[in-house]
Amino acid sequence: MAAIARMIDSDLFWSFRRSPVTVISAVVALICVLGAVLAPLLAPHNPFDVATLNLIDAFKPPAWAAEGDAAYPLGSDDQGRDVLSAIMYGARVSLLVGFCAVLFSMVVGVSVGLLAGYAGGAVDGLLMRIADIQLTFPNILIALLVDGIARAALPSDVHDRVALFVVIFAIGISAWPQFARTVRGSTLVERNKEYVLAARVIGISQLRIMLTHVLPNVLGPVLVIATLGLSNAIISEATLSYLGAGVPQTQPSLGTLIRIGNDFLFSGEWWIAIFPGIALIAMVLSVNLLGDWLRDALNPRLR
Amino acid sequence: MAETPILEVEDLARYFDVSRPWLQRVLAGEGKRILRAVDGISFAIPRGTTLSLVGESGCGKSTVARLVVGLYPPSRGHVRFEGMELERARAIAEQRRRMQMIFQDPYASLNPRWRVKDIVAEPIRAFGMTPSAAAQQAKVAELLTQVGLSPLDGEKFPHEFSGGQRQRISIARALSSNPDFLVCDEPTSALDVSVQAQILNLMKDLQARLGLTYLFISHNLAVVRQVSDRIGVMYLGRLVELAPAETLFTTPRHPYTRALMEAIPDLEMTGRQRIPVGGEVPSPISPPSGCPFHPRCPLANDRCKAERPGLIPARATEQSLTACHAVEEGRDGGLPAAQRIGTTATAL
Amino acid sequence: MAPLLEVRDLRVEFPTRRGILTALDGVSFSIAPGEVLGVVGESGAGKSMTGAAIIGLLEPPGRIAGGQILLNGKRIDNLRYDQMRRIRGREIGAIFQDPLTTLNPLYTVGEQLVETIRTHLGLDGAEARKRAIGWLEMVGIPAAAQRVDSYPHEFSGGMRQRVVIALALCAEPKLIVADEPTTALDVSIQAQVIALLKGLARDKGTSMMLVTHDMGVIAETADRVAVMYAGRIAEIGPVREVVKHPKHPYSAGLMASIPPLDRKVEHLAQIDGAMPRLSAIPRGCAFNPRCPEVFARCLVERPALLATGATEAACWLYDAASEKHAPEAMRHG
């Protein structure tokens, strides 16, 4: 209880409440996350249950259109799948990939940045040059490369099973330099602060100083990058899936849905592509706006 | 004087490589740039006494502080703690426990994400000094009381305290491992004057009560006078004068020491016209030849420009050591106390 | 003689989410032509804020919420930003602690001086440049004719502060507000800069408000001194009186806690406790929780500046109506 009271009283929460855009973004993001996480409970249909699919239900327009069917609020696709349900399940995949990819790049990036910043010298030089080199390649290119290698190296049945992990790895590996650079920068500042020197005088081990003293004090900006990184990861995943290099067909993400809908965009069945697109935009935009707010709120110079 | 001094420093030097990155250096055809932060100083601190190092910014006094607790390895020379080479002493927890440090900036010296009780208890835990959590809690409460805070303050975070209170927390942390030797790097420079008095009084009380030995670093001569037994004056990485505190203030020898004292604005308002020392401290990357003070010194001659003076007794009988050819040769004689260091820059 | 600057009952407030903080409360003083007024106090006492309010550079969301600031009898606290900018530089010069914040790193010091001189004095380029070199010589920069084309980073700290002084003085303002002008400098350089400021103020008849926490600097430079505490003036008077015979218990404690250079004392006088935060200034006299002389009236009623001898102190000890002996038991009890 005390923790909640403290949170409501905090400056962060105050600045949150003062910004209507942020509050709206948070609500939208919350709806997206809840809709995705609770899809099995909330979705009107299970789009993956082949037994319930019937081609007679295919290409139904949204419920409010003249030929609409209330059972398919946002219409249905060429297989007779409910678009709303597909979006909810698709968002689940998108968010899962996004979260895991960010977590992966965060763990790698924070570790590398902390080590580079704290150790300095040759270690720092080496790690940061690797990050520099990686930054010269576009993220999507790296992801495509990883995906291509995985497809070539693995038999297709194995690949389908691990495809999700490949995508997470592909997206995550392209984003770690951002974390590494930021954490290195903050670490360079923190490691010369007197509280770290005090710990060194006592003779606390370097690893322990890094983890208990430096790490907690460099995590603020990481949170911001992670939030902004989440929306990037979701877009990357959608792009990969749209290009057909992403998650397997059996687990369509928002990107996959848009790709499928793309074929019907000009033949009148616009809802199959547009609604997943709107869902993607809503999700990415709300997360991005939250990240922007967090960045400003945590920046002491803008207070 | 048979007893081993708690700390002994011999010909200690520390150089920093401040060259630009290799590629830029090669392209610009530059050599390496070496900053001689500390360049060959020697002193010893007997048990239970305070040695202060004073000097202006960049004179190397803070580097000395960090060298003697092992935060930097020396480029040359020796530091001995209780007669043992520092590197060996620092490898032994029991010896490491006996040296602690207090820092200048009360806002940077406490981890902002730790509670005060954890900050103070860090050395206790690191050296495994108490058998139980309860004993540790009792020890932290005792330490906080000892430095004039309440045991209840342990639950708070550093940002809830004023600068003076944070410095008390720093002191409590330093005392928690029952040290014998404390290095105090400008402990009151960031504090307001009335708070500075509180902290100085506290440090003097603790020294008397616990028999502590201090290496005290400061740029403030008045503060140094209140706490020191002996004082070393540093200029450009070297000791220019080392003397018992009272001797230094009653009979300053080195022209730089005199200039420093001359420069301090005083409250006495005797209407005395102060003549400030001219010029500025040269860069420690390319220090002047011979005596580093010669470009600003009114007594400088050709020998001062060529030959580096050693730190030697000023007169056979005196306890103060001076690194000055003019003092050695008696050329400083007859200089009145209120004086004559030449000025160029401020003459209007 | 009519004062050059007059500050009447100045009140500065900072609206925050937890309510309005009063950073300056009822600050009144004046500076005569050619006079150097020192303003001392501990960090957070409001001394820098007083200077910032006068030159119209209060940091938002801080604002003047009451009182008046008059320069030559004309109000300047209610001017628009562009009007105030003309006064800043031409009539009031400002010197800050960190010379790097005042100098533009992208222009040579000569360009910055010439720009200021041309804007405020309306001279042509060649004449302005001659003046600029003259000012650099006057503040003691060697080889001024060559250094005039150097960039700020090519000067050392002390030299940079001289450039800032030249910049503040080159439009020949009547008042200089100097906020901790020597704090960032080493002792030997400090002395040079103080001597310079003092000499210039004397020669040019410029008035100066010198804000610093260093009593030594004030004692050497100022004619009168105002001691501030918790956003209020505790005592104001001739510098000699305030330093040698402080009347307010806070100024007395402050003077006593300065370590003397000429002798070693066993125990320095100290004021216990700390200055209250702006959000928790006690009722009555702001100093009452730390005051050794506190009595009943101090806890409820805020003292105004009361004349006592040559100085004025905001302390009920100097009001004949105070029943100051009765509560003796309270403070020892």
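See the structure printed just above.
A brief report on the enclosed structure follows.

Quick word on the overall build of chain C
Thought 1: Counting secondary structure elements, chain C contains 13 helices and 12 strands.
Thought 2: Computed over its C-alpha atoms, the radius of gyration of chain C comes to 21 Å, within 12% of the 20 Å expected for a compact globule of 333 residues.
Thought 3: Based on the C-alpha atoms only, the size of chain C along its principal axes is roughly 75 × 50 × 40 Å.
Thought 4: Residues counted as buried form 54% of the 333 residues belonging to chain C.
Thought 5: Long-range contacts, defined as pairs at least 24 residues apart, comprise 64% of the intrachain contacts of chain C with a sequence gap of at least 6.
Thought 6: Counting 38 positive and 37 negative side-chain charges, chain C places the centres of these two groups 3 Å from one another.

Digging into the sheet that holds strand β7 (residues 181-185) of chain B
Residues and elements named next belong to chain B.
Thought 1: With mixed pairing, the 8 strands of this open sheet are ordered in space as β6-β7-β8-β3-β9-β10-β12-β11. Strands at the two margins of the open sheet, each flanked by one partner only, are β6 (99-102) and β11 (312-313).
Thought 2: With 4 bridges connecting them, β6 and β7 associate as parallel partners. What sits directly across from Ile102, in β7, is Cys184.
Thought 3: Against the sheet, helix α7 (residues 163-175) engages β6 and β7, with an angle of about 175° to β6.

A closer look at the pattern of salt bridges
Thought 1: Tallied over the full model, the rule gives 46 salt bridges over all chains.
Thought 2: Note that Asp25 of chain C and Arg11 of chain C form a salt bridge whose closest N and O atoms lie 3.1 Å from each other. Taken together, the residues Asp25 of chain C in strand β2 (residues 19-31) and Arg11 of chain C in strand β1 (residues 5-16) connect sequence positions 14 residues apart.
Thought 3: Looking at Arg11 of chain C, the relative accessible area reads 28%, which means it is partly exposed.
Thought 4: A salt bridge links Arg129 of chain C to Asp149 of chain C, with the nearest nitrogen and oxygen atoms 3.2 Å apart. Of this pair, Arg129 of chain C sits in helix α5 (residues 125-138) while Asp149 of chain C sits in the loop between α6 (144-147) and α7 (157-169), and the two are 20 residues apart along the sequence.
Thought 5: Owing to a relative accessible area of 42%, Asp149 of chain C belongs among the partly exposed residues under this scheme.
Thought 6: Among the charged side chains, a network of salt bridges with common partners joins Asp11, Arg36, Asp39, Arg76, Arg238 and Arg308 of chain B.

As for the nonpolar core
Thought 1: In terms of nonpolar packing, the biggest core is built from 105 residues, with Leu5, Phe29, Ile54, Ile92, Leu136, Ile165 and Leu175 of chain C touching the most fellow members.
Thought 2: With 65 residues, the next largest nonpolar core counts Ile119, Ala174, Leu236 and Val240 of chain B among its residues.

Some points on the packing of aromatic side chains
Thought 1: Tallied over the entire structure, the rule returns 14 aromatic pairs over all chains.
Thought 2: For the ring pair Trp64 of chain A and Phe275 of chain A, a centre distance of 6.0 Å and an interplane angle of 90° mean the geometry is edge-to-face. Of the two residues, Trp64 of chain A sits in the loop between α4 (39-42) and α5 (83-119) while Phe275 of chain A sits in helix α12 (residues 271-298), which places them 211 residues apart along the sequence.
Thought 3: Judged by its relative accessible area of 14%, Phe275 of chain A falls in the buried class.
Thought 4: Measuring from ring centre to ring centre gives 4.4 Å for Tyr235 of chain B and Tyr256 of chain B, while their planes differ by 50°; the resulting arrangement is tilted. Pair noted here: Tyr235 of chain B is in strand β9 (residues 230-235) and Tyr256 of chain B is in helix α11 (residues 255-263), with a separation of 21 residues, a long-range link.

Some words on the sheet that holds strand β2 (residues 34-45) of chain B
Thought 1: Reading across the sheet, the 4 strands line up as β2-β1-β4-β5 (chain B) and stay open at both edges, with antiparallel pairing between neighbours. Looking at strand neighbours, the two that pair on one side only are β2 and β5 (84-85) of chain B, the edges of this open sheet.

A word on the interface of chain C and chain B
Thought 1: Each partner contributes to the interface: chain C provides 46 residues, whereas chain B provides 44 residues.
Thought 2: On the chain C side of the interface with chain B, the three residues burying the most area are Val187, Leu261 and Lys264 of chain C, jointly 17% of the side's total.
Thought 3: Linking chain C to chain B there are 0 salt bridges.
Thought 4: Here chain C is connected to chain B by 16 residue pairs in polar contact (both at pLDDT 80 or more).
Thought 5: Those elements that provide at least two residues to the side of chain C that touches chain B are α7, α8 (187-204), α9 (215-221), α10 (239-244) and α11 (249-257) of chain C.
Thought 6: Of the residues forming the side of chain C that touches chain B, the biggest block, 6 residues, is contributed by α8 of chain C.
Thought 7: Residues of the side of chain C that touches chain B, tallied by class, amount to 21 nonpolar, 12 polar and 13 charged.

Rules used throughout
- Once a new chain begins, its residue numbering starts again from 1 and follows that chain's sequence as written.
- In the order they appear in the text, chains get letters beginning with A and ligands get numbers beginning with 1.
- Per-residue local features are limited, in this predicted model, to residues with pLDDT of at least 70; the limit for side-chain atom pairs, both in listing and counting, is 80 or more; totals at the level of whole chains, interfaces and linings are taken over all residues.
- Water and hydrogen atoms were dropped before computing side-chain values, which therefore reflect all heavy atoms in the structure.
- Only DSSP runs of H or I reaching four residues or more are called helices, and only runs of E reaching two or more are called strands; each is numbered from the N terminus.
- Each radius of gyration reported is based on C-alpha atoms, and the globular scaling rule is 2.2 Å times the count of residues to the power 0.38.
- Exposure categories follow from relative accessible area, calculated using a 1.4 Å probe and restricted to protein chains: below 20% of the type maximum is buried, above 50% is exposed, and the middle band is partly exposed.
- In this description, contact between two residues means that some pair of their heavy atoms is separated by no more than 4.5 Å.
- Positive charges come from Lys and Arg, negative ones from Asp and Glu, while His and the chain ends are left out of the count.
- Each charge is placed at NZ for Lys, CZ for Arg, CG for Asp and CD for Glu.
- By this definition, two strands are paired if DSSP reports at least two bridges between them.
- Each axis is a line fitted through C-alpha atoms, taken for helices only over the stretch in contact, and angles between the N-to-C directions span 0 to 180 degrees.
- In the sections that follow, a salt bridge refers to a side-chain nitrogen of Lys or Arg positioned within 4 Å of a carboxyl oxygen of Asp or Glu.
- Remark: nonpolar core denotes a set of buried residues (Ala, Val, Leu, Ile, Met, Phe, Trp, Tyr, Cys) joined through side-chain atoms within 4.5 Å.
- For this analysis, a ring pair means two rings from Phe, Tyr or Trp (six-membered ring only for Trp) whose centres lie within 6.5 Å, classed as stacked if their planes differ by under 30 degrees, edge-to-face if by over 60, and tilted for the remaining angles.
- The buried area of a pairing is the accessible area, by a 1.4 Å probe, that goes missing from both parts when the two are put together, added over both.
- Polar contacts, as counted here, are pairs of nitrogen or oxygen atoms within 3.5 Å of one another; within protein the pair requires one atom able to donate a hydrogen and one able to accept it, and residues that are adjacent in sequence qualify only if both atoms are side-chain atoms.
- Side-chain classes follow a simple rule in which Ala, Val, Leu, Ile, Met, Phe, Trp, Tyr, Cys and Pro form the nonpolar group, Asp, Glu, Lys and Arg form the charged group, and the remainder, Gly included, forms the polar group.

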